[in-house]
Amino acid sequence: MAQQSYAQLVLITCLKAGKIMMESGSEVYRVEDTMKRIAKNAGLEDIQTYVTATGLIVGSPSEENSQVIQITQQSINLEKVAAVNRGSRLFAEGQLSLPDFYNHLNEIDHITPDFPYTWKILASGVVSSTLMIILRGDWQDFIATFIIGMLGFSVHTFFGKKLEMKFLNDFLAALLIGVLAICSVHLSLAREINNIIIGSIMPLVPGLAITNSFRDIMAGHLISGVARATEALFVAGAIGGGIIVAFNFF
């Protein structure tokens, strides 16, 4: 009974680590590797894992045990991914017991610091304006792109938390960016609409999802890779749709 309970704890710990990593933007192959290393270091050699973008399954044929967990939300927090990897190394070195490691994962999930919201908004403005210049934009559009980029990202984040319909926040943010870009040029506050829009939508572009989808596909995880690529295409379509609506109606 004790051995069975220990095996269950190993599987639950693996799932907890995998869930944190998947919800924080990690690649599938990295999640599988981490889960298998945790199980191996815990003495469970024959662990089997199945990782997708929406759920994790882990089991041990010798123990006739399996556990399933659903991935309900996804974001980008690579600090959590790094924290799980550090905890896994401490567990492998014997500095953490299995129960302590599980408690450590709970702490990572709940108290890992993230950048303040205001910093993210400010960073989105910096990214928007600097990339606009890098893409051969005009310095006269710098301030407008900085402000519009911040406002677009603010709308994206706000409605992403308030609305249950995915991709609608991308559409609304792109729509606002398009409208503000058009208005700023018409009011002679900026010079080139296209430059402003290109720079301002950069914080919305799903670059990590696209990168991870190709890495998963090349690693042989076709289902997760295609799922993430499809999600990235829908995000890109929502952004493009918002810009099209802005040009046609404003």
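The coordinates are above.
We now turn to the structure provided with this report. Please read these numbers as outputs of a predicted model, since none were measured by experiment.

What follows deals with the overall build of the chain. Secondary structure assignment for the chain yields 10 helices and 3 strands. When the helices and strands of the chain are placed in sequence order, the string is α-α-β-β-β-α-α-α-α-α-α-α-α. By sequence separation, contacts in the chain at least 24 residues apart represent 64% of the contacts at least 6 residues apart. When the accessible surface of the chain is split by element, carbon and sulfur atoms take 63% of a total near 13,400 Å². Looking at the chain, you have 17 positive and 21 negative side-chain charges, and the mean spots of the two groups are 4 Å apart.

Here helix α6 (residues 142-162) crosses helix α7 (residues 168-186) at 155 degrees, and the two axes come no closer than 8 Å. Judged on the interaxial angle alone, α7 and α6 are roughly antiparallel. Viewed along their axes, α6 and α7 form a crossing whose handedness is right-handed. Where α6 approaches α7, its residues Ile148, Leu151, Gly152, Val155, His156, Phe159 and Gly160 are matched on the opposing element by Asn169, Asp170, Leu172, Ala173, Leu176, Ile177, Leu180, Ala181 and Ser184.

So, how was this worked out
- Position numbers for residues count from 1 along each chain, tracking the sequence in the order it is written.
- In keeping with the predicted nature of the model, local features appear solely for residues at pLDDT of at least 70, side-chain atom pairs appear and are counted solely at 80 or more, and the whole-chain, interface and lining totals rest on all residues.
- With hydrogens and water stripped out, all remaining heavy atoms of the structure feed into the side-chain values.
- A run of H or I in DSSP becomes a helix once it reaches four residues, and a run of E becomes a strand once it reaches two; helices and strands are each numbered from the N terminus.
- Whether two residues touch is decided by their heavy atoms; if any such pair falls within 4.5 Å, the residues are in contact.
- The Shrake-Rupley method, run with a 1.4 Å probe sphere, supplies the accessible areas, and residue values consider only the shown protein chains as cover.
- In this tally Asp and Glu are treated as negative and Lys and Arg as positive; neither His nor the chain ends contributes.
- In this description, the location of a charge corresponds to atom NZ of lysine, CZ of arginine, CG of aspartate or CD of glutamate.
- Angles shown run from 0 to 180 degrees and are taken between the N-to-C directions of axes, each axis being a line fitted to C-alpha atoms and, for helices, limited to the stretch in contact.
- Between 65 and 115 degrees an angle is taken as roughly perpendicular, under 35 as roughly parallel, over 145 as roughly antiparallel, and anywhere else as oblique.
- Crossing handedness follows the turn of the near helix against the far one: under a right angle anticlockwise gives a left-handed crossing, and clockwise gives a right-handed one.

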